[in-house]
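Geometric and topological summary
So you can see what is in the structure, the chains are spelled out below.
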Amino acid sequence: MTKFSDLNLNPKVLRAIEDAGYETPTPIQAGAIPPALEGKDVLGIAQTGTGKTASFTLPMITMLARGRARARMPRSLVLCPTRELAAQVAENFDTYTKHLKLTKALLIGGVSFGEQDKLIDKGVDVLIATPGRLIDHFERGKLILSDVKIMVVDEADRMLDMGFIPDIERIFQMTPFTRQTLFFSATMAPEIERITNTFLSNPVRVEVARQATTGENIEQGVLMLTASRKDREATEKRKVLRALIDAEGDKCTNAIIFCNRKMDVDAVAKSLKKHGYDAAPIHGDLDQSQRTKTLDGFRNGDLRFLVASDVAARGLDVPSVSHVFNFDVPSHAEDYVHRIGRTGRAGRDGKAIMICVPRDEKNLADVERLVQREIPRVENPLGDKPAAKPAKETAKDATKAEKPASEDASQDDTAKDTAKPEKPKRTRTRSRKKPDPAKVEDKSSAADTPKAEASPEVKAEPQAQAKAPAPDDKPQDDKQHQNRRGGRGGRNDNNRNDNNRQQNGRNDNRVVGLGDHTPEFIELSFEQRNK
Ligand code: AMP
């Protein structure tokens, strides 16, 4: 078996590895470090959790140990898709350079340019950046990339998902043709293949097996859930989630709960919190200081449940996550692999449980095809009809729903979930304004707004039951409800047309025809005739 000492790493780097407690290189490290140290381009096909960060930081540090950086001219560059991942890579550099004198700067959004400029001005050996911020600095003339000797692209597939590929191409062109490139991606989509063919020179390809197919240390399960009523789906999912967490008991020391949409991240976090679970959300709309605070809390064990979107959680290295809960089946099968890779890291045991509603069964089939196995079905800890309430209770809840919103916010999820069946709701919808999508998003992610506790999916319902269609009766909620329930295609389009029609009619309060809408010239002639 390969040892770190076989890899030709700088002795001071070896000492730092020892300090970190790592004994043997992981497969991606054993495969990528030797060619990287020989100055070759490397194409690493591996995902987080495999030790890939060290597979590029260790050889980089070894190679950079000699020489010094000049002002504004970094000697190496690491590009990461998210701020969190960039910060994590920076931490890795700190760990492995502790016995060396290398300088680094982290260029990420949400941090003032001034501080970053100062560091760059002094000259840095390693520049770790997200693509947008790097380009901003470059365009401000503060950064010269002509001395970059090693360039790393980390998580290229996520860069692709986030639309960063044009930026990456630009950055490649800003660096010298002679640079060495270490390029990492969990998958090789055609677009990624094209980039590597264009910008890598005869790379050594190192591929490590997918975690999901080899991760025997991750126990996986999927709970098939059919909601008692479609309009209660989100509420029942949240209830089942709590039951799943409870069923794990003390074995669940901490967990990441993934949702497909930001608004669900907020709703699930709020709901969990309200039910006494120590949970906080993380997604791209939260400001950086909040994200950092939440992450730090989760890492140091102060926070037990991190509710996350895929982008925010990408590349998070939290070694001791015991559980991953997928509140939704991810719509990109690849994301399943990334998500469950948050648990069972570095050889530890982990558990990943997913909730699948009928609408997501196609996505589940895609996931199973990708991981080449059937994910075992797990029983609903609440029984078959998890959150169904007896009819009379529903009626009672509907009455509660008439209470003001502020009161509403203090009620149980289920109590708020008093939706009417599809048909009446649709009728009501027609009388409503088309929502402003920006407002919808804002509203659901306004963490401090009490009403946001219930997902708007839930919020919209009581009004359906309790009120006549008042003209401006929370239009956004209702539309949001439709969108989130997957009301796509024909039905939604029809509604949109109806909405428009109704909206035109409603906004113009005048009676159409010859009422108070009478054109002036006709009124004039009447008046004249009457005289
Ligand atoms: P990464 O894939 O880079 O996100 O790393 C996943 C986790 O594995 C991190 O917590 C690393 O600190 C840890 N790790 C990296 N290399 C090794 C190693 N050789 N042995 C054990 N753990 C490692």
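Note that this is a predicted model, so its numbers are computed, not measured.

Moving on to the sheet that holds strand 1 (residues 42-45). Taken in spatial order, the 7 strands of this open sheet run 3-4-2-5-6-1-7, and their pairing is parallel. Strand pairing shows two members of the sheet lacking a second neighbour, strand 3 (104-107) and strand 7 (204-207), which therefore form its edges. Within the sheet, the average angular offset between the axes of one strand and its neighbour, ignoring direction, is 10°. By the bridge criterion, 4 bridges tie strand 2 (residues 76-79) to strand 5 (residues 150-153) in an arrangement that is parallel. The partner of Val78 across the bridge, within strand 5, is Val152. Where helix 3 (residues 52-64) meets the sheet, its contacts fall on strand 2, strand 4 (126-129), strand 5 and strand 6 (180-185), and the angle it forms with strand 6 comes to roughly 170°.

With that settled, the discussion passes to the pattern of salt bridges. As enumerated under the stated definition, the model contains 29 salt bridges in all. With a closest N to O distance of 2.9 Å, Arg194 and Glu191 form a salt bridge. Of this pair, Arg194 and Glu191 both sit in helix 9 (residues 190-199), 3 residues apart, which is roughly one turn of that helix. Of the charged contacts, one joins Arg205 and Glu207 as a salt bridge, the two residues approaching to 3.7 Å between their closest N and O atoms. Relative accessible area serves as the criterion here: at 45%, Arg205 is assigned to the partly exposed category. For Glu207, a relative accessible area of 53% puts it in the exposed group. Because the salt bridges share partners, they merge into one network encompassing Lys52, Asp154 and Glu155.

Core analysis: the biggest nonpolar cluster contains 36 residues, and Phe56, Leu58, Met60, Val78, Phe93, Ile128 and Leu182 have the highest contact counts within it. Of all elements in the fold, only helix 1 (11-20), helix 2 (27-37), helix 3, helix 4 (83-96), strand 4, strand 5 and strand 6 reach the threshold of two or more residues within this core. If sequence neighbours within four positions are ignored, Leu182 has contacts with Ala36, Lys40, Val42, Phe56, Met60, Ile150, Met151, Val152 and Val153. Counting 31 residues, the second-largest nonpolar core is a separate cluster that includes Leu143, Val148, Val153 and Ile165.

By the criterion of burial, strand 13 (residues 350-356) is predominantly enclosed, with 7 of the 7 residues buried. Side chains Gly350, Ala352, Met354 and Cys356 project from strand 13 onto one buried face, and the interleaved Lys351, Ile353 and Ile355 project onto a second face that is buried too. In this structure, strand 8 (residues 218-224) lies alongside strand 13, joined through 7 bridges in parallel fashion. Residue pairing across strands places Gly221 opposite Ile353, the latter belonging to strand 13.

On strand 4, burial covers both faces: Val126 and Ile128 on one face and Leu127 and Ala129 on the other are all buried. Note: strand 3 against strand 4, 4 bridges, orientation parallel. Note that in strand 4 the partner of Leu107 across the bridge is Ala129. In this view, the connection linking strand 3 to its parallel neighbour strand 4 by way of helix 5 (residues 113-122) has right-handed handedness.

Among the secondary structure elements, Pro330 is positioned in the loop between strand 12 (323-326) and helix 15 (333-340). Through-space distance from the C-alpha of Pro330 to that of Arg261 is 9.8 Å; in sequence the pair is 69 residues apart. Other than its neighbours up to four places away in sequence, Pro330 contacts Asn260, Asp335, Tyr336, Arg339, Met354 and Asn363.

About the cut-offs
Residues numbered from 1 in each chain as written. Predicted model: local features only at pLDDT ≥ 70, side-chain atom pairs only at ≥ 80, totals over all residues. Heavy atoms only, no water. Pairing = 2+ DSSP bridges. Helix = DSSP H or I, 4+ residues; strand = E, 2+ residues; numbered from the N terminus. Axes fitted to C-alpha atoms, helices over the stretch in contact; angles between N-to-C directions. Contact = heavy atoms within 4.5 Å. Salt bridge = Lys/Arg side-chain N within 4 Å of Asp/Glu carboxyl O. Buried < 20%, exposed > 50% of the residue type's maximum accessible area, 1.4 Å probe, protein only. Core = buried A, V, L, I, M, F, W, Y, C linked by side-chain atoms within 4.5 Å. Right-handed = clockwise from strand over helix to strand, strands pointing away.

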